[in-house]
Amino acid sequence: MNNSIEKYIELVKEHNNYYSQGNDKKANKIHKQITKLVSKIQKDSDETKEQFFELLEHSDTSVKTWTAAELLGTFENKSINVLESLVTDITKPSHAILDLWKQGILKKESWK
C-alpha cells in the first residue's frame, strides 16, 4: 500500500479519536493535515488513487466516512450508499455529510 494511503488511514483514525474525546483543537489540526494529504493523493498516480477508492470498503467506519465524503463528486451513488450505511454507526458525521451534499452545500470535484 502507498505510504500516502497508509498515512491517510492513520490520520483519519487519529482525528476520530480526538473528535470522540472532544479535543477540537487537536482534531482540527489533524483535519488540516488530512486535507493536504488528500490533495496530494488526488494528484498522485492512478494506482494510488485506486488504492484510495478502495478505502470505501475499509473496515474502519471513520476511514469509510472520510473517503466517501471525499469521493462524492467521483462516485456519488456509491459514496451515498456508504454514508447511508454508516448513519446508524456514526450518526452525526455521516448524516451531516449527506444533508450537506443533498442541499448542494458540500461540493466535491470528480477525481477522474
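Residues numbered from 1 in each chain as written. Predicted model: local features only at pLDDT ≥ 70, side-chain atom pairs only at ≥ 80, totals over all residues. Heavy atoms only, no water.

So, on to the packing of helix H4 (residues 61-70) against helix H5 (residues 76-86). Where H4 contacts H5, the axes come no closer than 9 Å and their chain directions differ by 145 degrees. The two elements H4 and H5 meet at a crossing, and its hand is left-handed. Facing Thr61, Lys64, Thr65 and Ala68 of H4, the residues of H5 in contact are Ser79, Val82, Leu83 and Leu86. Of the residues assigned to the contact of H4 with H5, the class counts are 4 nonpolar, 3 polar and 1 charged. (Axes fitted to C-alpha atoms, helices over the stretch in contact; angles between N-to-C directions. Helix = DSSP H or I, 4+ residues; strand = E, 2+ residues; numbered from the N terminus. Left-handed = near helix turned anticlockwise from the far one by under 90°. Contact = heavy atoms within 4.5 Å. Nonpolar A, V, L, I, M, F, W, Y, C, P; charged D, E, K, R; others polar.)

On to H5. The complete set of buried residues in H5 reads Ser79, Ile80, Val82, Leu83 and Leu86. Along the axis of H5, the buried residues cluster in a sector spanning 160 degrees; they form a single face. (Buried < 20%, exposed > 50% of the residue type's maximum accessible area, 1.4 Å probe, protein only. Arc of directions from axis to C-beta.)

All right, on to the side chain of Glu70 then. Relative to the helices and strands, Glu70 resides in helix H4. Owing to a relative accessible area of 14%, Glu70 belongs among the buried residues under this scheme. The residues contacting Glu70, other than those within four sequence positions of it, are Val38, Phe52, Lys108 and Trp111.

Inspection of the secondary structure puts Glu47 in helix H3 (residues 46-53). The exposed category is assigned to Glu47, whose relative accessible area is 58%. Along the primary structure Glu47 and Gln21 are separated by 26 residues, whereas in three dimensions their C-alpha atoms are 35 Å apart.

Time to look at the side chain of Ser62. Mapped onto the fold, Ser62 is located in helix H4. Exposure remark for Ser62: the relative accessible area of 5% places this residue in the buried category. For Ser62, the residues in contact, after removing those within four places along its chain, are Val12, Lys13 and Asn16.

Turning our attention to the pattern of salt bridges. Close approach of charged atoms allows side chains with opposite charge to pair. All chains considered together, the criterion is met by 4 salt bridges. When the shortest N-O distance is used, the salt bridge between Glu10 and Lys7 registers 3.4 Å. Highlighted residues: Glu10 and Lys7, both in helix H1 (residues 3-21), separated by 3 residues, approximately one helical turn. With relative accessibility at 37%, the residue Lys7 sits in the partly exposed group. (Salt bridge = Lys/Arg side-chain N within 4 Å of Asp/Glu carboxyl O.)

Tyr8, Ile34, Ile41, Phe52, Leu55 and Trp111 are the most contacted members of the largest nonpolar core, which totals 29 residues. For this core, the secondary-structure elements that each account for two or more residues are H1, helix H2 (24-42), H3, H4, H5 and helix H6 (91-102). With near-sequence residues (within four places) excluded, Tyr8 lies in contact with Ile34, Leu37, Val38, Ile41, Phe52, Leu55, Val63, Trp66 and Thr67. (Core = buried A, V, L, I, M, F, W, Y, C linked by side-chain atoms within 4.5 Å.)

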